[in-house]
Amino acid sequence: MDPDYSAQDVARCDLCKTAIAQSYCDFCHVNLCKPCIGEHISDEYDKHKIVPILQRKSTLIYPKCQTHKNEECKYQCKDCNISICFDCLASKHHNKEHEFVKLEEVYNTKKEQIQSDTEELENQILPAYEEIANELEMQIASLDEEYKKLTTEMSKQKEEIHREVDNAMEQMEKEIGEIKLKHHSILQKHLDEIKQLQSLMQQTLLVLNEIEESNEVSKTIHFSSKNEEFSKLPPKVVASMPKFIPKQMEREELRSLIGKLTPLSTTLEEKVFTAKKPNTSVGELLDEPEVLNKIKTGYGDLRSVTCLKDEQIWTSGRTADIKCFNIQGVLQKTIKTKTGEWPRDIAVDRDGALLYTDWKTRTVYKVKNDQTDEIITLQGWRPSQLCVTSSGDLLVTMHSDDETQSKVVRYSGSTVKQTIQFDEEGHPLYSGNGLIKYISENRNLDICVADCGAFAVVVVNQAGKLRFRYTGHLSPTKNKPFKPHGITTDSQSRILTADHYNHCIHILDTDGQFLRYIDNCGLKDPLGVCVDSVDSNDSLFVCEYTKGNVKKIRYSK
């Protein structure tokens, strides 16, 4: 049974176009079914070479000789840099003092160079350009925010200048008010003096009128004129109005008061590509990993394995039974899921308690001392795979009910601490489907997800920022699509992921660089994986999906 329910493409016969091809003509380069083999070789052409289809393209295609028809050039003259056949080599047409080399040797040397160039281009040069492109994309994406900060700083200066201008204007308005009061006081005092004199003159007029009407001699002869005194007019108060004289400001002077804006400065820094040195951890890997033990679990479809140490190896498959074995393969304990549904994944926390996810009830359960408790129950989302972090948090992969979205959620107990779903540009980090997404935390606290729906291992840092995507390693022997399933990490922060359809394990360094395969241990349909890092050997446990076996593999020194 295919764990993802997906059909695999098969090669069809190039002659009849319908039957499945079992053979291949390595000279004509065509796929052939058994009935069509006879038809293909019926032309009595003696160059046909029929091989099993898995061995196709094993025969080299040599160039035809321009001098001797129907002869293949299997040699190269190093002096003339041309291809020649055996007859050319034996004839007198070519200088026998020239140095000759077999084309197969040239071909193999070039193939090695091509493979080396391909690996360097794919694993080093292209990632270097990708890093540069990512850095530029991040700079472009941050332009709006950075320039917003710049305009915000200018706005603050604008507000400060406005505030100072308002304060200065208020002070001047206050001074105008004070001058006005003083001006008013001076004028009022002078007016009061004038009115007082006017009052005296009115009183004098009354006295004069009385004397004028009177016949009394005494009042008349004793009258003393005050007109000379009154005729001395008081001085005129001349008060000049204060004036506002605005300061004429040039634009540059005004800009200097505001501040200065430095111009955009750009430089081109020379970057020299330096090939990365092989990771030192490669030297710690065994040339030939070996199977130390095999546990027969009895599952028809074995999916997950987890352990804290050799004494307790927990396994689960497509049944409600979760089984615990010791390293000798002896069954120690069986726990049945609370709902009778098979668990999507299992994990063990630092206290040795068993955790498992139930897709149907949207719940993560915890089993300790034979008691099962619900610790997380979701709404609108279904939990899938999980792992316990070094800090004791729980990371859970989940997908929406309509299977259009996926995310990773970090829990402390039942409390959500972090949600990881989108990259910095708002694009989904994980494929939007219901396919399994195994998860593991690295020693450097990176969060590693095997996203088989995206054909990639997706690694983000502790903050949820994308570090890299690993999409497989080019290999002539691994011809099936790279669909990673189980994933785990070891004490050296290496990442190990199960390549289910190519029956092997990929080992990556902490930066996502391919180190090597584990493909010599007879693995069949590997799925769930875990590393027991208690011992220094980093023992790897691998679930064989269809066989139901857990293999313990030693892969490092």
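In what follows, the structure referred to is the one given above.
First, a word on scope: everything that follows refers to the structure included in this document. As the structure is a computational prediction, the values presented were derived from the model and not from experiment. (Residues numbered from 1 in each chain as written. Predicted model: local features only at pLDDT ≥ 70, side-chain atom pairs only at ≥ 80, totals over all residues. Heavy atoms only, no water.)

1. Points about the pattern of salt bridges
When the charged atoms of two side chains lie near each other, side chains of opposite charge can form a pair. This structure, assessed with the given rule, holds 19 salt bridges. The partner of Arg554 in a salt bridge is Glu290, with the nearest N and O atoms 2.4 Å apart. Here Arg554, found in strand β30 (residues 549–556), pairs with Glu290, found in strand β7 (residues 285–296); they are 264 residues apart in sequence, far enough to count as distant. Relative accessible area serves as the criterion here: at 33%, Glu290 is assigned to the partly exposed category. The closest approach of N and O atoms between Lys465 and Glu424, which form a salt bridge, is 3.8 Å. In this pair, Lys465 is assigned in the loop between β22 (456–460) and β23 (466–470) and Glu424 in the loop between β19 (415–420) and β20 (437–441), connecting sequence segments 41 residues apart. You can call Glu424 exposed: its relative accessible area is 57%. Because the salt bridges share partners, they merge into one network encompassing Glu284, Asp490 and Arg494. (Salt bridge = Lys/Arg side-chain N within 4 Å of Asp/Glu carboxyl O. Helix = DSSP H or I, 4+ residues; strand = E, 2+ residues; numbered from the N terminus. Buried < 20%, exposed > 50% of the residue type's maximum accessible area, 1.4 Å probe, protein only.)

2. As for the nonpolar core
Of all hydrophobic cores here, the largest spans 18 residues; its most connected members are Tyr438, Val457, Val459, Tyr470, Ile487 and Ile495. Put simply, the parts of the chain that give this core at least two residues each are β21 (447–451), β22, β23, β26 (504–508) and β27 (514–518). Those residues in contact with Ile495 that sit more than four places away from it in its chain are Asn442, Cys448, Val459, Phe468, Ile487, Thr488, Thr489, His506, Ile507, Leu508 and Asp509. (Core = buried A, V, L, I, M, F, W, Y, C linked by side-chain atoms within 4.5 Å. Contact = heavy atoms within 4.5 Å.)

3. Here we look at the sheet that holds β20
Sheet architecture is open: four strands sit in the order β20-β21-β22-β23, paired in antiparallel fashion. Since the sheet does not close on itself, it has two edges, and those belong to β20 and β23, each with one partner. Across the sheet, the mean angle from the axis of one strand to that of its neighbour is 15°, orientation sign disregarded. Summarising the sheet, β22 and β23 pair through four bridges and their orientation is antiparallel. (Pairing = 2+ DSSP bridges. Axes fitted to C-alpha atoms, helices over the stretch in contact; angles between N-to-C directions.)

4. Topic: the sheet that holds strand β25 (residues 495–499)
Ordered by their spatial adjacency, four strands build an open sheet running β24-β25-β26-β27, and the pairing between neighbours is antiparallel. The sheet is open, and its two edges are formed by β24 (484–489) and β27, each paired on a single side. Averaged over all adjacent pairs, the angle separating strand axes in this sheet is 25°, with direction ignored. Across four bridges, β24 lies against β25 in antiparallel orientation. Considered in β25, the bridge of Ile487 is made with Thr497.

5. Looking at the side chain of Ser440
Here Ser440 lies in strand β20. Its relative accessible area of 8% is what places Ser440 among the buried residues.

6. Section: the packing of aromatic side chains
Each aromatic ring pair is characterised by the separation of its centres together with the angle its planes make. Inspection of every chain in the model, using the stated rule, returns three aromatic pairs. Summarising the aromatic geometry, the rings of Tyr470 and Phe482 are spaced 5.4 Å apart at their centres and angled 80° between planes, so their arrangement reads as edge-to-face. Of the two residues, Tyr470 sits in strand β23 while Phe482 sits in the loop between β23 and β24, which places them 12 residues apart along the sequence. Note on Tyr470: relative accessible area 5%, which makes it buried. (Phe/Tyr/Trp six-rings, centres within 6.5 Å; stacked < 30°, edge-to-face > 60°.)

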